[in-house]
Amino acid sequence: MSTSSKWDLSREDIKTAANDEKELLLEHESDQDEHMLFNQPSTSTTEAKADGKMDSVRLQIQEVTEVMRDNVQKVMERGERLEDLQEASDRLNVTGSEFRATAKKAQQRAWLQNFKTRIVLITVTVTVVICIIVLDIMVLYLVLR
């Protein structure tokens, strides 16, 4: 290749371009770019081996891109599930706090009801005892008189 034209590229230039394309594919999701990269006709005039290697590399890039997309999708789904779990945890925390407050109020009402019942029983007992004593005293007073 004694004549140099703009279409003559060194292996280093091709590798650099391929690496740049890989980085571009991994950074941006563009269906048009992928379609053009993977489906364009080969412009290389090298041997069939080079085409086979390029096809192999293209397939590997495509597989890696698909795996990366699947991984990103799984990470996003996991993030959504974590958000759902966080929301459920927050709801349970609020519900637990409300339950504690309601249980404490119910305990206080039960204690107050128990206290009132005891006061009523003590009052009735004391009243009955006083009535019995007063009646005994009146009977004794009437008998002794």
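Refer to the preceding data block for the structure.
Bear in mind that the values here come from a model prediction, so they are computed numbers and not experimental data.

Undergrad: How would you summarise the pattern of salt bridges if you had to cite specific residues and measurements?
TA: Here the structure, examined in full by the defined rule, presents one salt bridge. Across the salt bridge formed by Asp-55 and Arg-58, the nearest N and O atoms sit 3.4 Å from each other. Pair noted here: Asp-55 and Arg-58 are both in helix α3 (residues 48-144), with a separation of three residues, about one helical turn.

Undergrad: Lay out a nonpolar patch on the surface in plain terms, naming residues and giving numbers.
TA: Together, Ile-122, Val-126, Ile-130, Val-134, Leu-135 and Met-138 make up an exposed nonpolar region whose accessible area comes to about 550 Å². As for its position among the elements, Val-134 is in helix α3.

Undergrad: Let's hear about the packing of aromatic side chains: which residues, and what values?
TA: Tallying each qualifying case throughout the model produces one aromatic pair. With centroids separated by 5.5 Å and ring planes inclined at 10 degrees, the aromatic side chains of Trp-111 and Phe-115 adopt a geometry described as stacked. Residue Trp-111 and its partner Phe-115 are located together in helix α3, separated by four residues, close to a single helical turn. A relative accessible area of 58% places Trp-111 in the exposed class. A relative accessible area of 43% means that Phe-115 is categorised as partly exposed.

Cut-off values and rules
Residues numbered from 1 in each chain as written. Predicted model: local features only at pLDDT ≥ 70, side-chain atom pairs only at ≥ 80, totals over all residues. Heavy atoms only, no water. Salt bridge = Lys/Arg side-chain N within 4 Å of Asp/Glu carboxyl O. Helix = DSSP H or I, 4+ residues; strand = E, 2+ residues; numbered from the N terminus. Patch = residues over 30% accessible without salt bridge, like charges linked within 9 Å, V, L, I, M, F, W, Y side chains within 5 Å. Areas by Shrake-Rupley, 256 points an atom, 1.4 Å probe, with all protein chains shown as cover. Phe/Tyr/Trp six-rings, centres within 6.5 Å; stacked < 30°, edge-to-face > 60°. Buried < 20%, exposed > 50% of the residue type's maximum accessible area, 1.4 Å probe, protein only.

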